[in-house]
Amino acid sequence: MSTPPASAVALRASRPHLVYGGVEIALSIIVAIATWSAWHSPWTTFLWTILWLPVSHAIGLAAGFVMAAHGDPTPERRALAGTNIAVWAYECAASILLLDIYQPWFSAAPLAAPSGPARPVAVLLLHGYGCNRAFWLRFSRHLADAGYYCDAINLAPLLGDIDDYADTIAGAVQALAERTRAPVVIVGHSMGGLAARACLRRYPMLPVVHTVTLGSPHFGTLHARHGIGRNVRQMSIGSDWLVALANGENDTARARITSIYTAHDNVVYPVRTSVLPGAHNIALEGLGHVSLGTHPRSRALVLETLERVAQGLRHPN
């Protein structure tokens, strides 16, 4: 089958993340009531109500970094204590912003319109496991400032089969290409990179000229044992699904993929699982998993890749 559906996906809020936001509010109220009952202090109640979520998130991320270090004790991951603290602190900030603020409340927010001269490619952004399109709100503003027309979609169901996202992605690619009259570059974070590859395996004739993956577990991750859902099982190291995905690609398809990954990923490890033979692989250091969606260094590499693809379209060999 090589002809995808051409309809665009309606932009609507992600219900699971709205529920998550509601749970955050409910727990904050419970914390406020419990703190007031214990101390009868307005300032103590205010601080605990505001800080319980980021503190919990920070503790969970610290545990994730420790597990990743034990699961992948390679020289590339080793760093000074100060570097590890800086990586953890930035990952905390990025995760709280994207996962606890943007995703529950802004999953249907429009992306920024491009400014400056028109670019010869458009960009479709795909989020990772457990996320939604709001993951890209910050990143897409910088792409728009560089002149790129972007779109981002929600991949549903949240815990479903990665192959089932193919029709949604294909429809979004077709709609974006028709709207901009330009070929598309897909940028996928984590599971989003695998979803892009799976979609292009099913629909190889889509107007996609390149795929950029950020922290994608091309050969799986040990962290998958801590998740739930069919898509997590597919991302287990050595899964039948990943083997079939790799066997379904040829050298030409791999040459149109750029895999950007970090040696200090706290979700995708061992690090070598992000290295995709035949693709253009770029390693970063000193960044966590979610940080790849906000940090200037990863953003600069994506912009460099987009420019390289655009130059190839302007000056084909």
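Computed from a predicted model, the values in this text were never measured in an experiment. Residue numbers here run from 1 along each chain, matching the order of that chain's written sequence. The model is predicted, so local features are restricted to residues of pLDDT at least 70 and side-chain atom pairs to those at 80 or more, both for listing and for counting; the totals for chains, interfaces and linings are taken over all residues. For the side-chain quantities, the full set of heavy atoms in the structure was used; hydrogens and water were omitted.

J.: Describe in detail the overall build of the protein chain, supporting the description with residues and values.
T.: The secondary structure listing takes helices from DSSP runs of H or I that are at least 4 residues long and strands from runs of E that are at least 2 residues long, numbered from the N terminus. When its secondary structure is counted, the protein chain shows 10 helices and 6 strands. Each of the three principal axes of the protein chain carries a C-alpha extent, and together these read 70 × 45 × 35 Å. Sorting the 317 residues of the protein chain into buried and exposed places 49% on the buried side. Whether two residues are in contact is decided by their heavy atoms: any pair within 4.5 Å suffices. Long-range contacts, defined here as pairs at least 24 residues apart, represent 77% of the contacts in the protein chain between residues at least 6 apart. When the 23 positive and 19 negative side-chain charges of the protein chain are each reduced to one mean point, those points stand 2 Å apart. Relative accessibility thresholds used throughout: buried, under 20% of the residue-type maximum; exposed, over 50%; partly exposed, between the two (1.4 Å probe, protein chains only). In this count, Lys and Arg are taken as positive residues and Asp and Glu as negative ones, while His and the chain termini are left out. Each charge is placed at NZ for Lys, CZ for Arg, CG for Asp and CD for Glu.

J.: Tell me about helix 3 (residues 81-105), and please be specific about residues and values.
T.: A helix is expected to span 1.5 Å multiplied by its residue count minus one. In this model, helix 3 (25 residues) spans 35 Å end to end at C-alpha, consistent with the 36 Å of a helix rising 1.5 Å per residue. Bend angle per residue: angle between axes fitted to the 7 residues ending at that residue and the 7 residues starting there. Ser95 marks where helix 3 bends most, by close to 25 degrees. Within helix 3, burial applies to Val87, Glu91, Cys92, Ala94, Ser95, Leu98, Leu99, Asp100, Tyr102, Gln103 and Pro104. Buried positions along helix 3 lie against helix 1 (15-39), helix 2 (42-71) and helix 4 (137-145).

J.: Describe the packing of helix 1 against helix 2, and please don't skip the residues or the numbers.
T.: Two quantities define a packed helix pair, namely the angle between the axes and the distance from one axis to the other. Interaxial angle, 0 to 180 degrees, is taken between N-to-C directions of lines fitted to C-alpha atoms, where a helix line uses only the stretch in contact. Packing of helix 1 against helix 2 leaves a shortest axis separation of 8 Å and a crossing angle of 150 degrees. Here helix 1 is positioned roughly antiparallel relative to helix 2, judged by the angle of their axes. Along this stretch, helix 1 crosses helix 2, giving a crossing that reads as right-handed. For the pair helix 1 and helix 2, the contacting residues are Glu24, Leu27, Ser28, Val31, Ala32, Thr35, Trp36 and Trp39 in the first and Pro42, Thr44, Thr45, Trp48, Thr49, Trp52 and Leu53 in the second. Reported orientations rely on four angle classes, namely roughly parallel under 35 degrees, roughly antiparallel over 145, roughly perpendicular from 65 to 115, and oblique for the rest. Definitions for this section: a left-handed crossing has its near helix turned counterclockwise from the far helix by less than a right angle. A right-handed crossing has that turn clockwise.

J.: An account of the pairing of strand 5 (residues 257-262) is requested, with residue identities and associated values reported.
T.: Within strand 5, 6 of the 6 residues are buried, leaving the element largely enclosed by the surrounding structure. Burial along strand 5 is two-sided: the residues Ile257, Ser259 and Tyr261 and Thr258, Ile260 and Thr262 are all buried. Across 4 bridges, the pairing between strand 4 (residues 208-214) and strand 5 is parallel. Opposite Thr213, over in strand 5, you have Ser259 as the bridge partner. As paired strands, strand 5 and strand 6 (residues 280-284) are joined by 5 bridges and run parallel to one another. Looking across to strand 6, one finds that Thr258 is bridged to His280. For two strands to be treated as a pair, DSSP must find no fewer than two bridges joining them.

J.: Can you explain the sheet that holds strand 1 (residues 122-126)? Please cite residues and give values.
T.: Within the open sheet, the 6 strands sit side by side as 2-1-3-4-5-6. Their pairing is parallel. Unpaired on one side and paired on the other, strand 2 (150-153) and strand 6 mark the two borders of the sheet. The mean angle between the axes of side-by-side strands here comes to 20 degrees, regardless of whether they run parallel or antiparallel. Note: strand 1 against strand 2, 4 bridges, orientation parallel. Pairing of Leu126 across the sheet is with Ile153, part of strand 2. Against the sheet, helix 4 makes contact with strand 1, strand 2 and strand 4, and its axis sits at roughly 170 degrees relative to strand 1, the strand it touches most.

J.: Now, about the UniProt feature "transmembrane region" (unreviewed entry) in the protein chain: what can you tell me, with residues and values included?
T.: UniProt positions are given in the numbering used here, feature names are shortened, and annotations may be inferred rather than shown by experiment. Residues annotated by UniProt as "transmembrane region" (unreviewed entry) correspond here to residues 18-39 and 45-68. In residues 18-39, the share of helix is 100% and the share of strand is 0%. The end C-alpha atoms are 32 Å apart. Across residues 45-68, helical content stands at 100% and strand content at 0%; the span's end C-alpha atoms are separated by 35 Å.

J.: Lay out a nonpolar patch on the surface in plain terms, naming residues and giving numbers.
T.: On the surface, Leu18, Ile25, Ile29, Ile33, Ile101, Trp105 and Phe106 cluster together into a nonpolar patch covering about 640 Å² of accessible area. Looking at the nonpolar patch, the elements with two or more residues in it are helix 1 and helix 3. The element best represented in the nonpolar patch is helix 1, accounting for 4 residues. By the element assignment, Leu18 lies in helix 1. A relative accessible area of 36% places Leu18 in the partly exposed class. Excluding any residue in a salt bridge, patches collect residues exceeding 30% relative accessible area, merging like charges within 9 Å and nonpolar Val, Leu, Ile, Met, Phe, Trp and Tyr side chains within 5 Å. Under the convention used here, a 1.4 Å probe and the Shrake-Rupley method define accessible areas, while residue burial counts only the protein chains that appear. We define a salt bridge as a contact between a side-chain nitrogen of Lys or Arg and a carboxyl oxygen of Asp or Glu at a distance within 4 Å.

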